[in-house]
Amino acid sequence: MSNLDAFLNPVKEENVKVVVSKRFVGEDGNPVEWELRALTGEEDEAIRKKCTRSVQVPGKRGQYTNETDINRYLGELAAACTVYPNLNDAALQKAYGVLGADSLLKTMLKAGEYAEYLEKVQKISGYDQTMEDLVDEVKN
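Residues numbered from 1 in each chain as written. Predicted model: local features only at pLDDT ≥ 70, side-chain atom pairs only at ≥ 80, totals over all residues. Heavy atoms only, no water.

## Remarks on the packing of aromatic side chains
Line of reasoning, step 1. Taken as a whole and judged by the stated rule, the model has 2 aromatic pairs.
Line of reasoning, step 2. Ring geometry for Trp34 against Tyr117: centres 5.4 Å apart, planes inclined by 65°, an arrangement best described as edge-to-face. You can see Trp34 sitting in strand E2 (residues 33-36) and its partner Tyr117 sitting in helix H6 (residues 111-124), a full 83 residues away along the chain. Just as Trp34 is buried, Tyr117 falls in that class too.
Line of reasoning, step 3. Cluster of aromatic residues (ring-pair linked, three or more members): Phe24, Trp34 and Tyr117.
Line of reasoning, step 4. Over the ring of Tyr73 we find Arg48, and its NZ or CZ is 4.4 Å from the ring centre. (Phe/Tyr/Trp six-rings, centres within 6.5 Å; stacked < 30°, edge-to-face > 60°. Helix = DSSP H or I, 4+ residues; strand = E, 2+ residues; numbered from the N terminus. Buried < 20%, exposed > 50% of the residue type's maximum accessible area, 1.4 Å probe, protein only. Lys NZ or Arg CZ within 6 Å of the ring centre and 35° of its normal.)

Right, dumping it as structure tokens:
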């Protein structure tokens, strides 16, 4: 019989703190760190399902294939991984004039900051692939 102790007592992963933007500063004048967590496979699957739709195969009546909106998926993934700031806070969303954690994140960050943030989220989540690799994977 094999030793299952390693699976019964996994090493607890700590949340990761990163500076996402130098534009958000605390009272001390230093950039505020954001807190990120890794998602479980189950959480990731739920997000992927939410971002996937069935589309008809062109020219093939009655045949459908699944298509994942990769931009929506990455946005939902980033929002779900964000522990701090609380992107679901109604006051924060109201301050930026948006509804939803994903929309808030995209509005808070500049385009380059958002792209870097997505890369950090993917790395924390265990994806060693780049965003382009994920796009190619979804296309195939």
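That shown, we press on.
## Observations regarding the pattern of salt bridges
Line of reasoning, step 1. One pass over the structure, following the stated rule, counts 7 salt bridges.
Line of reasoning, step 2. When the shortest N-O distance is used, the salt bridge between Arg23 and Glu113 registers 2.9 Å. On the criterion of sequence distance, the pair formed by Arg23 in the loop between strand E1 (16-19) and E2 and Glu113 in helix H6 is long-range, its members being 90 residues apart.
Line of reasoning, step 3. On the accessibility criterion, Glu113 (15% relative accessible area) is buried.
Line of reasoning, step 4. Note that Lys106 is salt-bridged to Asp102, the shortest N-O span being 3.3 Å. Here Lys106 and its partner Asp102 are both found in helix H5 (residues 101-108), 4 residues apart, which amounts to about one turn of the helix.
Line of reasoning, step 5. Using a relative accessible area of 13% as the deciding quantity, one classes Asp102 as buried. (Salt bridge = Lys/Arg side-chain N within 4 Å of Asp/Glu carboxyl O.)

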